[in-house]
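Next come the chains, spelled out residue by residue.
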Amino acid sequence: MSEQLSKQERRQIKIGQRREDKLKMQQEIKNKGNMKKYAFIAIAVLLVGAALYFFVFVAKSSPTGNLNTAGIVFPLNNIHWHAIPQITLCGEEKPIPTPGPGLHLGNTLFHTHEDAQIHIEGTVEGPEQITLGGFFDNIGVKFSSTEIMDKKNGDICNGAPGTVQLLINGSQNNEFRDYVVRDKDKIQIMFE
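Residues numbered from 1 in each chain as written. Predicted model: local features only at pLDDT ≥ 70, side-chain atom pairs only at ≥ 80, totals over all residues. Heavy atoms only, no water.

Chemist: What exactly am I supposed to notice about the overall build of the protein chain here?
Modeler: Each helix and strand counted, the protein chain has 2 helices and 14 strands in total. Scored against the burial criterion, the 192 residues of the protein chain give a buried share of 28%. For the protein chain, contacts bridging at least 24 residues in sequence account for 54% of all contacts bridging at least 6. Here the protein chain displays about 13100 Å² of accessible surface, and carbon together with sulfur accounts for 56% of that area. (Helix = DSSP H or I, 4+ residues; strand = E, 2+ residues; numbered from the N terminus. Buried < 20%, exposed > 50% of the residue type's maximum accessible area, 1.4 Å probe, protein only. Contact = heavy atoms within 4.5 Å. Areas by Shrake-Rupley, 256 points an atom, 1.4 Å probe, with all protein chains shown as cover.)

Have a look at this one:
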């Protein structure tokens, strides 16, 4: 036997179904809104992460301003600096190697010309590019805290064992190869 629903009961069922359908639709809209919000947040996080990665690992610092590191201030753009090296072995001054007229010995940034000065010409990105050891490596001269040219600590010099000494602008310096060359430096390396 099938029971017949009254008109009133059928109407109540239809109203209940409409309410359920309306609630389902509202929940779907809410879920879609949440998904959009989470997608937007995820995209924003990815963009911020990509920007940070770019600026930290990919982009080079722009050549403006000054770099102040290890007490050295130099511009982050093209510079043209000079320093004067002087090497004295057992009281005898020895010239550094020099190239022919119009040429340079070393690399483009860090070299010497026939004037026997240290030249720094170009963009310096960090102090490690312009160390005294790097200069002497560039021009093919042995230099460290224990040797200069063909002299090594302990070799006889004027009747006694000699040692390598470094003076920068008249003051004793123990940085040797790690000394960062600055504009107008007077660099004296002695073996006595």
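Right, picking up where we left off after that structure.
Chemist: Hey, could you run me through the packing of aromatic side chains in this one?
Modeler: The geometry of two aromatic rings is summed up by the distance between their centres and the angle between their planes. Applying the stated criterion across every chain yields a total of 4 aromatic pairs. Taking 5.3 Å as the distance between ring centres and 70° as the angle between the ring planes, the aromatic pair formed by Phe135 and Phe136 counts as edge-to-face. The same class applies to Phe135 as to Phe136, namely buried. Ring pairs connect the aromatic residues Phe110, Phe135, Phe136, Phe143 and Phe176, which therefore count as one cluster. (Phe/Tyr/Trp six-rings, centres within 6.5 Å; stacked < 30°, edge-to-face > 60°.)

Chemist: Looking at this model, I keep getting lost on the pairing of strand β3 (residues 78-89). Mind explaining?
Modeler: For a regular strand, side-chain orientation follows a simple rule: the groups alternate between the two sheet faces. Pairing between β3 and strand β7 (residues 118-123): 6 bridges, direction antiparallel. The residue bridging His80 from the neighbouring strand is Glu121, located in β7. Two elements, β3 and strand β14 (residues 186-191), share 6 bridges in a ladder whose sense is parallel. In the sheet register, Pro85 faces β14, and the bridge partner there is Ile187. In this sheet, strand β4 (residues 92-94) lies alongside β3 in antiparallel orientation, the contact comprising 3 bridges. For Thr88, the partnering residue across the bridge sits in β4 and is Glu93. Between β3 and β4, which follow one another and run antiparallel, lie 2 residues, and Cys90 among them has a positive phi close to 55°. (Pairing = 2+ DSSP bridges.)

Chemist: What exactly am I supposed to notice about the pairing of strand β12 (residues 164-168) here?
Modeler: Among the 5 residues in β12, 4 count as buried, and that is most of the element. In this sheet, β14 lies alongside β12 in antiparallel orientation, the contact comprising 5 bridges. Bridge assignment links Leu167 to a residue of β14, and that residue is Gln188. One ladder, built from 2 bridges, connects β12 with strand β13 (residues 171-172); its direction is antiparallel. Within β13, the position partnered with Leu167 by the bridge is Gln172. Linking β12 back to β13 in an antiparallel pair, the connection comprises 2 residues, with Asn169 at a positive phi of about 50°.

Chemist: Help me out: how do you make sense of the state of the cysteines in this one?
Modeler: Every disulfide links exactly two cysteines, by a covalent bond between their sulfur atoms. For the structure shown, the criterion picks out 1 disulfide. The residue that forms a disulfide with Cys90 is Cys157, at a sulfur-sulfur distance of 2.2 Å. In this pair, Cys90 is assigned in the loop between β3 and β4 and Cys157 in strand β10 (residues 156-157), connecting sequence segments 67 residues apart. Residue class for Cys157 comes out buried when judged on its relative accessible area of 4%. (Disulfide = S-S within 2.5 Å.)

Chemist: In this structure, what is going on with the nonpolar core? I would like to understand it.
Modeler: Across soluble globular proteins, you tend to see nonpolar side chains buried next to one another. Counting residues in hydrophobic clusters, the biggest one holds 31 residues, and the most contacted among them are Ile120, Leu132, Phe136, Ile148, Ile187 and Ile189. Counting residues per element, the ones that place at least two in this core are β3, β7, α2 (132-139), β12 and β14. A per-element tally of this core places β3 first, with 5 residues. (Core = buried A, V, L, I, M, F, W, Y, C linked by side-chain atoms within 4.5 Å.)

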